[in-house]
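# A structural walkthrough
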Amino acid sequence: MRFYTTSGCRLCDEAYALLVPVARRRGVDIECVDIMDDPQAEATYAESIPVIDCDARADVLRWPFDTASLYRYLP
């Protein structure tokens with residue numbers, strides 16, 4: 001699962017704090033992708049980070065989300 005973020009993003013920090021415990025419980029690894037290091041990610045998500053993208057899903061989970069929506073989204 002990829003977590004699209006960038007440094008200095010307060011919303012990304014909040015989202016990551018929610019994501020980590022849920023991902024651990026589900027046994028899902030988190031790959032953090034800084035959109036400033038990935039031109040494709042920047043073009044796709046620059047206006048909407050934080051975003052979670054899970055290969056098992058056709059859609060992405062965009063902020064705002066909560067713990068319940070993370071449990072529904074993650075495999």
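Look up: the structure comes first, before these words.
To keep things clear, this report deals only with the structure shown in the data block. Every value quoted in this text rests on a predicted model; they were computed, and no experiment measured them.

The rules we used
- Residues numbered from 1 in each chain as written.
- Predicted model: local features only at pLDDT ≥ 70, side-chain atom pairs only at ≥ 80, totals over all residues.
- Heavy atoms only, no water.
- Buried < 20%, exposed > 50% of the residue type's maximum accessible area, 1.4 Å probe, protein only.
- Helix = DSSP H or I, 4+ residues; strand = E, 2+ residues; numbered from the N terminus.
- Pairing = 2+ DSSP bridges.
- Right-handed = clockwise from strand over helix to strand, strands pointing away.
- Salt bridge = Lys/Arg side-chain N within 4 Å of Asp/Glu carboxyl O.

### Side note on the pairing of strand E1 (residues 2-5)
With burial as the criterion, each face of E1 is covered, one bearing Arg2 and Tyr4 and the other bearing Phe3 and Thr5. Both E1 and strand E2 (residues 31-34) contribute to a ladder of 4 bridges, which runs parallel. Each bridged residue has a counterpart across the sheet, and for Thr5 the counterpart in E2 is Asp34. Read as a crossover between parallel neighbours, the route from E1 over helix H1 (residues 10-26) to E2 is right-handed.

### With respect to the pattern of salt bridges
Enumeration according to the criterion identifies 4 salt bridges in this entry. Arg10 serves as the salt-bridge partner of Glu14, at 2.5 Å between the closest nitrogen and oxygen. Taken together, the residues Glu14 and Arg10, both in helix H1 and 4 residues apart, mark about one turn of the helix. On the basis of relative accessible area, Glu14 is assigned to the partly exposed category, the value being 35%. Notably, a salt bridge pairs Asp59 with Arg57, separated by 3.2 Å at the nearest N-O pair. Its relative accessible area of 32% is what places Arg57 among the partly exposed residues. What you see here is one network of salt bridges that share partners, running through Arg2, Asp53 and Asp55.

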